[in-house]
Each structure stands twice: as structure tokens, then as C-alpha cells.
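Structure assessment
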Amino acid sequence: MADIDERFAAYVHERGGHHLRAAVLLTGDWHAAEDLVQESLVKLYRAWPRLRADGDPDAYLRRIMVNTRRSWWRARWRRETPSDELPETVIADFGDGQALAAQVRQALQALPRQQRAVLVLRYYADLPEAEVADLLGCSPGTVKTHAHRGLRALREHLGEDRHERRGN
Amino acid sequence: MNDAETEARRLLAAATEDMPPGIGLLDGFAAARRRDRARRTRRGAVLSAGIAVAAAAVTAVTLTIGSAPPALATVTSALTRTLTQSYQLAEQDSSYYIWNGRMRYPAHDTCTSEADPARHLAAASCSGGVRARVVGGYTYLYVPHPVDHPGRHWARIPTASLGQLPSINSFTTATPQQMLAEIKKADKVTVAGPASGPGWTGTRYAFSGGPGGEIKLSGTVSVDQQGRARVLVLAIRLTSAINVFVTTQVLTFSDFGAPVTVTPPPADQTFSGP
């Protein structure tokens, strides 16, 4: 670890957890989230010397993560496609908190990629619409539409899932 | 802020509360940097993504057949020969995670595809609903529920823009061509015994190796008497700080040289994406 810039290490210690949590919402599981954040941190570290002292590494890292996630989507087309059907995964033996966490992430994964990204950036990272639009390369109006539809779809997915689980 | 937004914030926060212990972003950072440097160094030799560029990419791989052991030379030659003609491909994939000593998230998928690498044509269809076509310099991906493009189910992406695959994921999301390219880097290839299938006999070779570290590759390649790869079994094991991911892929090639016809989806059903 001695060869890592101290300021960078301090930044990762302070903000890594936040970005890891955002990553798990984008990717759906902690393994992929860890991969995504580490790969993004490597890219950030490459640019670190060029970042001004008053620069915003959060914004920079967020952009890297979104772009990296997009390239993964392209690479993973053979295995991942948006779907209205929630995958049947094993969550029954998790505790209540873990069950809810897994349930929400499954619902997120059922959303189209862009809708999912908007929800995470708007309501988890708490970014304004204009900043989300800039990150995703679309208009603020599109962000608003994605957010509206995403919220509705998330509610529907979770509602159906709860209903099915009660029925079982 | 309305109620729906408040509820979304609460749910998204709750969805991150089961972070497993032991994730150290800086613990794995040195390894990630090593992977990054290694990947960038070998970038010139790695096959590009996408079925359509397979033929050109094969020629970019440096084959050291002259100095290689006979088994490795046979396998690399067979794989290269397989990818320079048209073929049909049946693929069976399975995967699971080992997390806290227990198997999680088992998944199975089957795909069928046909490809003519020389003409940059391919079409694939998987049991999970994934469908793709490669034709005319574009890759078309089927989107069941297009959000911004009602009625247009095919995302059209320039094949060249799919680019190269990132780091560790290149092993779990690879096209057949990319898997074959990785096998060519195996550090140990041995003769495993005779092999046969409908209408062919040959020899099965076992391989193991991979880039090392957290990634282990192993499997077999069955080569027919015409020197073509017929069956490829590839097992990949990825070990991270928090879990283990295991995937096995079985690829069966057939109908070499048969004509392949792929047409783009109707223009009124496509959109530029993603």
C-alpha cells in the first residue's frame, strides 16, 4: 500500500463505502459492485495526479463508474437483458434486513439499465436532475421521465413480489 | 419531495444495508492495478469483442507454434481453423456463487448460434431471452421492453464500438472467440484421450492455466481428424475477497462451411443504443 498516494488512500477510506453502495444498486450484487468500484478506482488513480486539489473526485469517480458500467453492459449482452420477470434467487434464508435488501436489488435489476441508473443517481446519490442528465448524456426531461417511470415500475415490482410471497 | 421519492430513498438505502464484511477496496487495489497494467500491456494480443471481428482478431494473436509443445500447437491450430469458416454453435452455460460456504444464485442458460466470421455475420438466441444479430457492421440486441422506443425492440450498435472487454469480466462474458483466445494462453495442454461425436472422431486435449491470481481456467478441447475444434468445455473460477464465482461453459461446433444467412431486423423495429 506504500506506493499509493496518501491523499488517494484517504479519499477511498472516506468515500469508498458510499460508492460501493451505489455500485451494488447498479450491478445487483456485491461481487460485481466490488469489481466495478475497484476498476473505477484504478481509472481514477490514473487521473489522480491531474485532478486539481479543489477538484471533485466524487463526480469524477461517478462518471467513471457510469461509463464502466455501460461498457460492462455492452460486454454482457449475451447474459443480461432488461426483463419484467424477477429472477428466482435464494433469499429465504437471509434475515429480514437482508431479505429486503436483496428484494429491492432484484426489483432494480428488472428495470431497464437507464431507468435503474437514474433512480440510483437521483435518489441514492442525491444528485440534481441536471447533473444526472449530464452524467448519462441525456436531457433533464428524459431524466424526469425515467425517474417517474422507474419509481412506478419499482413500486409495481415490489408490490407484486410482496403479494406473491404472501400467497406462498 | 413527494411520498414516492421519499419511499424510493428509503428502499435504496435499505438495499445497501447487507454489505458483507471483508470488502477492502484498497486491499484489492494493488491487484486491480496489476491486472490493469497487464491488460493494457497485452491489449494488442487480445481479441476484440464481437463475433463479427473474430476472423481479423484471430490473425492478431501471436501464435508461437514453432516453439510450442505439440499438444498446444495442435489445439491453437484447431481453434484458429475453427474460427476461419462458418459454423453452428450450441452452448450450455451454468454458474453459481459460493458465499459464506454456501452455493448461491445458481443459473443455467443455453444458446444456439450460427456465424460466418469471414463475412462478419452471426445470429444468436438464448433461453434467457437474449437474441442478437451481427450484420453489416452492426450488432443488433433484442430489448424486450424498450422504454424510450415503443415498438422498436432491436438496439443497433456499431460492432466496432463494442470495444475490448474490461478486466476480470472478459472471462465471464466472453464470446466464443474470446474464450478460445484465452485458452490459447493456457500454460499447460495435454492429451486427455480419444473423443468422438456425431459423424466425427478425434482427440481430446486438457488445458489449465489462465492469467493467474484470482482467475483459474481449466477445461478440454476435442479436435476432430480434420483438425477442427468440435467441443470446448471451459471452467472458470473467480475468487474475490468476499466470494467465489464458478462458471462452466460447453460449446459444441458443427456444420462447418454451411451457408449462413443473417438479415438485419426491419428498420422500423430498430433504434440506436444503448
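All values reported here derive from a predicted model rather than from experimental measurement. (Residues numbered from 1 in each chain as written. Chains lettered and ligands numbered in written order. Predicted model: local features only at pLDDT ≥ 70, side-chain atom pairs only at ≥ 80, totals over all residues.)

Regarding the overall build of chain A
Helix and strand content of chain A: seven helices and zero strands. Taking all 168 residues of chain A together, 43% fall into the buried category. The long-range share in chain A, meaning contacts at least 24 apart out of those at least 6 apart in sequence, stands at 59%. (Helix = DSSP H or I, 4+ residues; strand = E, 2+ residues; numbered from the N terminus. Buried ≥ 20, exposed ≤ 12 C-beta atoms within 10 Å, placed from the backbone. Contact = placed C-beta atoms within 7 Å.)

With respect to the overall build of chain B
Looking only at helices and strands, one finds five helices and twelve strands in chain B. Buried residues in chain B amount to 38% of all 274 residues.

Things to note about helix α2 (residues 30-47) of chain A
In a regular helix each residue adds 1.5 Å, so 18 residues correspond to 26 Å; α2 of chain A covers 25 Å between its end C-alpha atoms and thus fits that length. Along α2 of chain A, 13 of the 18 residues are buried, which leaves the element largely enclosed by surrounding structure. (Expected span 1.5 Å × (residues − 1).)

Some remarks on the packing of helix α5 (residues 113-124) of chain A against helix α6 (residues 129-136) of chain A
All names here are of chain A. In the contact formed by α5 and α6, the axes pass within 10 Å of each other and the chain directions differ by 140°. Compared by their axis directions, α5 and α6 come out oblique. Pair α5 / α6 crosses with right-handed handedness. Here α5 contributes Q114, A117, V118, L121 and R122 to the contact with α6, which in turn contributes V132, L135 and L136. (Axes fitted to C-alpha atoms, helices over the stretch in contact; angles between N-to-C directions. Parallel < 35°, antiparallel > 145°, perpendicular 65-115°, else oblique. Left-handed = near helix turned anticlockwise from the far one by under 90°.)

Examining unusual backbone geometry
For D126 of chain A, which is not glycine, the phi torsion reads 65° and is therefore positive. When you line up the elements, D126 of chain A lands in the loop between α5 and α6. One non-glycine residue with positive phi stands out, namely H120 of chain B, at about 55°.

Observations concerning α5 of chain A
Residues three or four positions apart in an α-helix share a direction because the helix packs 3.6 residues into each turn. Residue and element names in this part refer to chain A. A rise of 1.5 Å per residue sets the reference length of α5, with its twelve residues, at 16 Å; its end C-alpha atoms lie 16 Å apart and thus fit the reference within 8%. Buried residues dominate α5, accounting for twelve of its twelve residues. All of the buried residues in α5 are R113, Q114, Q115, R116, A117, V118, L119, V120, L121, R122, Y123 and Y124. Phi turns positive, to about 65°, at D126, one or two residues after α5.

Observations regarding the environment of A130 of chain A
Counting through the fold element by element, A130 of chain A comes out in helix α6. Sequence spacing of A130 of chain A and K144 of chain A is 14 residues, and the spatial spacing of their C-alpha atoms is 9.8 Å.

So, the packing of helix α1 (residues 6-27) of chain A against α5 of chain A
Residues and elements named next belong to chain A. At a minimum axis distance of 9 Å, the contact between α1 and α5 shows a crossing angle of 155°. Taken together, the axes of α1 and α5 are roughly antiparallel relative to one another. Seen along the crossing, α1 lies across α5 with a hand that is right-handed. Residues A22, L25 and L26 of α1 pack against R116, A117, V120 and Y124 of α5. Here the residues of the contact of α1 with α5 are counted per class, giving six nonpolar, no polar and one charged. (Nonpolar A, V, L, I, M, F, W, Y, C, P; charged D, E, K, R; others polar.)

Focus on the nonpolar core
Across soluble globular proteins, nonpolar side chains have a tendency to be buried as a group. Formed by 46 residues in total, the largest nonpolar core has its most connected members in A23, L25, A33, V120 and L154 of chain A together with L12 of chain B. When contributions to this core are tallied by element, the ones reaching two or more residues are α1, α2, α3 (57-75), α4 (96-109), α5, α6 and α7 (140-167) of chain A together with α1 (3-14) of chain B. Each of domain 1 (1-81) and domain 2 (85-168) of chain A gives at least three residues to this core. If we skip the residues at most four places from it in the chain, A23 of chain A touches A33, L36, V37 and M65 of chain A. V75, V143, W154 and A186 of chain B belong to the second largest nonpolar core, which has 39 residues in total. (Core = buried A, V, L, I, M, F, W, Y, C linked by C-beta atoms within 7 Å. Domains from an automatic or database assignment.)

What about the environment of F256 of chain B?
Residues and elements named next belong to chain B. Within the fold, F256 resides in the loop between β11 (244-254) and β12 (270-272). For F256, a count of 16 C-beta atoms within 10 Å gives the class partly exposed. With 28 residues separating them in the primary sequence, F256 and R228 have C-alpha atoms 9.1 Å apart.

Quick look at the confidence of the model for chain A
Residue and element names in this part refer to chain A. The predicted model of chain A has a mean per-residue pLDDT of 76, with 73% of residues at 70 or higher. When the elements of chain A are averaged for pLDDT, α3 gives the smallest value, 76, and α5 the largest, 91. Predicted confidence for residues 163-168 stays below pLDDT 50, and this span has zero contacts to residues more than four positions away or in other chains. (pLDDT = per-residue confidence, 0-100.)

Points about the environment of P150 of chain B
When you line up the elements, P150 of chain B lands in the loop between β5 (138-142) and β6 (154-158). Between the alpha carbons of P150 of chain B and Q269 of chain B there is a distance of 9.1 Å; along the sequence they are 119 residues apart.

Section: the confidence of the model for chain B
All names here are of chain B. For chain B, the average pLDDT comes to 73, and 68% of its residues sit at 70 or higher. Per-element mean pLDDT across chain B ranges from 30 in helix α3 (residues 54-60) up to 89 in strand β7 (residues 188-197). This model gives residues 38-69 a pLDDT under 50, and the stretch forms 57 contacts once residues within four places in sequence are excluded. The low-confidence segment residues 164-173 (pLDDT under 50) makes 37 contacts with residues lying over four places distant or belonging to another chain. In the model output, the complex is listed with pTM 0.51 alongside ipTM 0.80.

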